[in-house]
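# Geometric and topological summary
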Amino acid sequence: MVIEKLVYGGYGMARYAGKIYMVNNVYPGEFVSVIPTRTNKNLVFADLKEIIQPSHQRVSSKCKHFPECGGCQWLDYDYQSQLKSKTEIVKEQLERIGKLDSSLVNDIIESDLIWGYRNRMEYAFQKNNNLKLGLNIANSNKVLDIYSCPISPNLFDNIRNKFRELVNKLNIEIYDKNSKKGILKHLVIRRSFSKNQTMVIIVTNTEYLPYEEEIKQFFQQNFHPYSLIHLMNSSDSVVLRGPYKTLLGEGVLNEEFDDFKFQIPPTAFFQNNYNVTQKLLRHILEYFKNNTQKDDTMLDLYSGVGLFSIYFLPLFKHIESVETSKVSVKAAISNSHINFIKNVNFILASSKPYLMKNSDKRFDYVILDPPRKGLEKKEIQLLSSMAKKGIIYVSCDPSTFARDLNIFTKNGFTLKSVQPFDMFPHSYHIENVGILEKN
């Protein structure tokens, strides 16, 4: 069969004998044979058996763990072709799911760094016979021992590989998800690109970290991290959650965008690609500069550590910033002080209860960056009556994004543009900014 195009989720799509096939590790134009893995009516998921005729865009992979590792899907696909496919995917999702005009989608904005771009990596520990520290095997809960990863900084490889040796030497007990027993769960490394700072987070299931002094000494002698954190986390669903203790250095990372300073605590969310985040901020800034008036107000929903609220504040009279994480709200308040900003109100609340309680409030603009699952219908209805002029919708999932944009257009808004950003080179993930204006 011949692969027609790439679709969201990282699959190549083909049609054969009246059925649609979703195939792993293939690219447009390739002639392949496949092994079906599961069938759902007219949809067949399949693994690649053989490439009979490869694509000219297929290149050699820079990673020895690809494609076994589940971190990247398109490491052996030419970067310019990745960008083209991503723009097409957003257009397709907007048309098929959102029933909207795909000509509103601009060409994707690329990442200047396509290697070593990630500023956060979460590695999992696992022990069967041997100790493993790495990333999950594609579509599996099994951990693949990772020795080098081209999308993260070289320093991350160095820290992870040496720390694995230390854990082996000290024979620290590894946590087992099945029995819920054991100690070490994850090693998380975060980096500030603007300030060249590294934070190392050791995640345990327990309140104590065995060999704490030896571990501190090891990091001091080998890496001098800006920050070494012990995070106590009994959750198996979220890696960065729970109380933490600073073992070395500072308890936060510092990042800077166009002279605005941000402190990021160990468990707070922050965008994964510094360079593309900068481009995304400037894209939205450009729109606001051309459309806002000095008396305008804004609601920032799912506001994290206050990135949007603080960065865009000079253009607004007042911003209300709403976030569900206590750690992030505390950091956002601290960030407003660092930047000498007063006209922001930070509120600790979940989005739906906040919207229902404050449904009589009105803001000129709303900016929101919800989780992958997007918004509930009720939230969209409430936001539609709260926003007087426009909504800026930031999303990392094109399908829920397209679905939600469709509902906004039925609630009195016109979609003006969609701008995709390549926040995650070599993977199928796409960040999007949609601009909606009130009719």
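Residues numbered from 1 in each chain as written. Predicted model: local features only at pLDDT ≥ 70, side-chain atom pairs only at ≥ 80, totals over all residues. Heavy atoms only, no water.

## Brief notes about unusual backbone geometry
Cis geometry is found at the peptide bond from Phe66 to Pro67, where omega equals 5 degrees. In this structure, His224 takes a positive phi of about 45 degrees despite not being glycine. Here His224 is to be found in the loop between α3 (212–222) and β11 (227–232). The exposed category is assigned to His224, whose relative accessible area is 63%. The residue Tyr302 is not glycine, and still its phi comes out positive at about 60 degrees. (Helix = DSSP H or I, 4+ residues; strand = E, 2+ residues; numbered from the N terminus. Buried < 20%, exposed > 50% of the residue type's maximum accessible area, 1.4 Å probe, protein only.)

## Examining α3
Because the α-helix completes a turn every 3.6 residues, residues three or four places apart line up on one side. Along α3, the positions that sit buried rather than exposed are Glu212, Ile215, Lys216, Phe218 and Phe219. The arc that holds every buried residue of α3, seen down its axis, measures 160 degrees, which confines them to one face. Exposed side chains of α3 directed beyond 90 degrees from the buried face belong to Glu213 and Gln221. Against α2 (154–170), β10 (197–204), β11 and β12 (244–249) lie the buried residues of α3. (Arc of directions from axis to C-beta. Contact = heavy atoms within 4.5 Å.)

## So, the side chain of Ser328
Take Ser328: it is sitting in helix α6 (residues 326–338). When neighbours within four sequence positions are excluded, Ser328 is seen to be in contact with Ala268, Phe269, Gly304, Val305 and Glu323.

## Some remarks on helix α1 (residues 79–96)
Over its 18 residues, α1 runs 26 Å from end to end, which matches the ideal 26 Å to within 8%, given 1.5 Å per residue. Buried within α1 are the following residues: Tyr79, Ser81, Gln82, Leu83, Ser85, Lys86, Thr87, Ile89, Val90, Gln93 and Leu94. (Expected span 1.5 Å × (residues − 1).)

## So, the packing of α2 against α3
Two numbers describe how α2 lies on α3: the axes approach to 12 Å, and their chain directions differ by 150 degrees. Crossing hand, α2 versus α3: right-handed. Touching Ile159, Lys162, Phe163, Leu166 and Leu170 of α2 are Glu214, Ile215, Phe218, Phe219 and Asn222, all from α3. Partitioning the contact of α2 with α3 into residue classes produces 7 nonpolar, 1 polar and 2 charged. (Axes fitted to C-alpha atoms, helices over the stretch in contact; angles between N-to-C directions. Left-handed = near helix turned anticlockwise from the far one by under 90°. Nonpolar A, V, L, I, M, F, W, Y, C, P; charged D, E, K, R; others polar.)

## Some remarks on a nonpolar patch on the surface
Nonpolar side chains collect at one region of the surface, where Val2, Phe31 and Ile52 lie side by side and expose about 260 Å² of accessible area between them. Note that Val2 resides in the segment before β1 (5–6). (Patch = residues over 30% accessible without salt bridge, like charges linked within 9 Å, V, L, I, M, F, W, Y side chains within 5 Å. Areas by Shrake-Rupley, 256 points an atom, 1.4 Å probe, with all protein chains shown as cover. Salt bridge = Lys/Arg side-chain N within 4 Å of Asp/Glu carboxyl O.)

## Re the domain arrangement of the chain
Its domain assignment divides the chain into domain 1 (2–58), domain 2 (93–112 + 270–438) and domain 3 (120–257). On a C-alpha basis, the centroid separation for the pair domain 1 and domain 3 is 36 Å. (Domains from an automatic or database assignment.)

## Quick look at the environment of Gln73
Assignment of secondary structure puts Gln73 in the loop between β5 (43–53) and α1. The class of Gln73 is buried, set by a relative accessible area of 17%. With sequence-adjacent residues up to four places away left out, Gln73 is seen in contact with Asn25, Tyr27, Phe66, His426, Ser427 and Tyr428. A polar side-chain atom of Gln73 sits 3.0 Å from the main-chain amide nitrogen of Tyr428. (Polar contact = N/O pair within 3.5 Å; in protein donor to acceptor, adjacent residues only side chain to side chain.)

## Examining the UniProt feature "binding site: S-adenosyl-L-methionine" (unreviewed entry) in the chain
The feature "binding site: S-adenosyl-L-methionine" (unreviewed entry), as annotated in UniProt, sits at Gln271, Tyr302, Glu323 and Asp369 in this numbering. Structurally, Gln271 can be placed in the loop between β14 (260–264) and α4 (274–291). If near-sequence neighbours (up to four positions away) are discounted, Gln271 is found in contact with Asn119, Thr277, Asp369, Met423 and Glu431. A distance of 3.4 Å separates a polar atom in the side chain of Gln271 from a polar atom in the side chain of Asp369. (UniProt positions renumbered as here; feature names shortened; annotations may be inferred.)

## Considerations on the pairing of strand β16 (residues 318–323)
Moving residue by residue along a regular strand, the side chains alternate between the two faces of the sheet. Most of β16 is tucked away: 5 of the 6 residues are buried. With 5 bridges connecting them, strand β15 (residues 297–301) and β16 associate as parallel partners. Bridge assignment links Met298 to a residue of β16, and that residue is Ile319. After leaving β15, the chain enters helix α5 (residues 307–312) and then returns to the sheet as β16, a path that is right-handed. Considered for its hand, the β-α-β crossover made up of β16, α6 and strand β17 (residues 344–348) is right-handed. (Pairing = 2+ DSSP bridges. Right-handed = clockwise from strand over helix to strand, strands pointing away.)

## Notes on the environment of Thr246
Take Thr246: it is sitting in strand β12. Distance in space between the C-alpha atoms of Thr246 and Ser227 is 7.3 Å, their sequence separation being 19 residues. Not counting residues within four places of it along the chain, the set of residues in contact with Thr246 comprises Leu228, Ile229 and Gly251.

## Section: the side chain of Ser417
Of note, Ser417 is situated in strand β20 (residues 413–421). Its relative accessible area of 14% is what places Ser417 among the buried residues. When residues no more than four places from it in sequence are discounted, the contact partners of Ser417 are Leu104, Asn106, Val433, Gly434 and Ile435.

## Notes on the sheet that holds β12
Where strands meet in a sheet, backbone hydrogen bonds hold them as pairs that are either parallel or antiparallel. One open sheet holds the 7 strands; their spatial order is β8-β7-β6-β9-β10-β11-β12, and the pairing between them is mixed. Sheet topology places β8 (143–145) and β12 at the edges, where each strand pairs with a single neighbour. On average, adjacent strands in this sheet sit at an angle of 30 degrees to one another, irrespective of strand direction. Packing against the sheet, α2 makes contact with β6 (120–127), β7 (131–136), β8, β9 (184–192) and β10, and its axis sits at approximately 155 degrees to β9. Across the sheet, α3 is in contact with β10, β11 and β12; its angle to β12 comes to roughly 40 degrees.

## Side note on the pattern of salt bridges
Opposite charge on two side chains allows them to pair when their charged atoms are near. In this structure the tally under the stated criterion is 21 salt bridges. Between Arg96 and Glu92 there is a salt bridge; the shortest N-O distance is 2.5 Å. In this pair, Arg96 and Glu92 are both assigned in helix α1, 4 residues apart and thus about one turn of the helix distant. By relative accessible area, which is 48% here, Arg96 ends up partly exposed. The exposure class assigned to Glu92 is partly exposed, which follows from its relative accessible area of 23%. With its nearest N and O atoms 3.4 Å apart, the salt bridge here joins Glu213 to Lys216. One end of the pair, Glu213, and the other, Lys216, are both in helix α3, 3 residues apart, so they sit about a helical turn from each other. Each of Glu30, Arg58 and Asp76 takes part in a single network of salt bridges with overlapping partners.

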